[in-house]
Amino acid sequence: MPSSKPESPKGQAKAAEGAPQEQTSAFLKPLQPSPELSAIVGTAPLPRPEVVSKVWAYIKTHKLQNPQNKREIMADEKLQAVFGGKNKVSMFEMNKHLAQHLK
């Protein structure tokens, strides 16, 4: 009986394991956070996805999500510095503000 799984070439998996991983995406390039943002995520350069993860961890730790509307973030003093002085921003608007604080 033929198997239901497609056969994979045997040599490809071993070749991929031994080769050094290259960051092919500019998305994964470490970026330096601004002084305002570094108060939340730290001073070390980080890739953009890690910055977003750390900001979300900060938001959840300090319970800054609006309980009635989870898409809305209520900023404390540190986040207001990052969000341009706004008290509330949507989760979609947050990435626009974060981009201005990464170089």
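The text that follows walks through the structure, step by step, so that each part is easy to find.

**Overview of the overall build of the protein**
Secondary structure summary: the protein contains 5 helices and 2 strands in total. Scanning the protein from its N terminus toward the C terminus, one meets helices and strands in the order α-α-α-β-α-β-α. Sorting the 103 residues of the protein into buried and exposed places 27% on the buried side. Considering only contacts within the protein whose residues lie at least 6 apart along the sequence, 27% involve residues at least 24 apart. Carbon together with sulfur atoms contributes 55% to the accessible area of the protein, which is approximately 7,600 Å² in total.

**Some points on the environment of Lys-60**
Mapped onto the elements, Lys-60 comes out in helix α3 (residues 48-61). Placed 13 residues apart in sequence, Lys-60 and Ile-73 show a C-alpha to C-alpha distance of 9.9 Å.

**Observations regarding the pattern of salt bridges**
Inspection of every chain in the model, using the stated rule, returns 2 salt bridges. In this structure, Lys-86 and Glu-93 form a salt bridge, with 2.5 Å as the shortest nitrogen-oxygen distance. Classification of Lys-86 as partly exposed rests on a relative accessible area of 35%.

**Focus on the nonpolar core**
Leu-37, Val-55, Ile-59, Ile-73, Leu-79, Phe-83 and Met-94 are the most contacted members of the largest nonpolar core, which has 20 residues in total. At the level of elements, α2 (35-41), α3, α4 (77-82) and α5 (91-99) are the ones that each hand at least two residues to this core. Among the elements that line this core, the one with the most residues is α3, at 5 residues. Each residue touching Leu-79, except ones within four places of it in the same chain, is listed here: Ile-40, Val-55, Tyr-58, Ile-59, Leu-64 and Ile-73.

**Some points on unusual backbone geometry**
One can expect most non-glycine residues to show negative phi and most peptide bonds to be in trans. Look at Lys-63: it is not a glycine, yet its phi comes out positive at around 50°. Checked against the element boundaries, Lys-63 lands in the loop between α3 and β1 (72-74). For Lys-63, a relative accessible area of 70% corresponds to the exposed category.

**Focus: α5**
Since one α-helical turn is 3.6 residues long, residues separated by three or four positions face the same way. Looking only at α5, the buried set comprises Met-94, His-97 and Leu-98. Summarising the axial view, the buried residues of α5 lie within an arc of 100°, below the 170-degree limit, and thus occupy one face. The inward-facing, buried residues of α5 contact α2, α3, β1, α4 and β2 (88-90).

**Let's talk about the side chain of Gln-65**
Looking at the secondary structure, you find Gln-65 in the loop between α3 and β1. Residue Gln-65 is classed as buried on the basis of its relative accessible area of 19%. Engagement of the side chain of Gln-65 in a polar contact is seen with the backbone oxygen of Lys-70, the distance being 2.7 Å. What Gln-65 contacts, discounting residues up to four positions off in sequence, is Trp-56, Ile-59, Lys-60, Lys-70, Glu-72 and Met-74.

What counts, and at which threshold
Residues numbered from 1 in each chain as written. Predicted model: local features only at pLDDT ≥ 70, side-chain atom pairs only at ≥ 80, totals over all residues. Heavy atoms only, no water. Helix = DSSP H or I, 4+ residues; strand = E, 2+ residues; numbered from the N terminus. Buried < 20%, exposed > 50% of the residue type's maximum accessible area, 1.4 Å probe, protein only. Contact = heavy atoms within 4.5 Å. Areas by Shrake-Rupley, 256 points an atom, 1.4 Å probe, with all protein chains shown as cover. Salt bridge = Lys/Arg side-chain N within 4 Å of Asp/Glu carboxyl O. Core = buried A, V, L, I, M, F, W, Y, C linked by side-chain atoms within 4.5 Å. Arc of directions from axis to C-beta. Polar contact = N/O pair within 3.5 Å; in protein donor to acceptor, adjacent residues only side chain to side chain.

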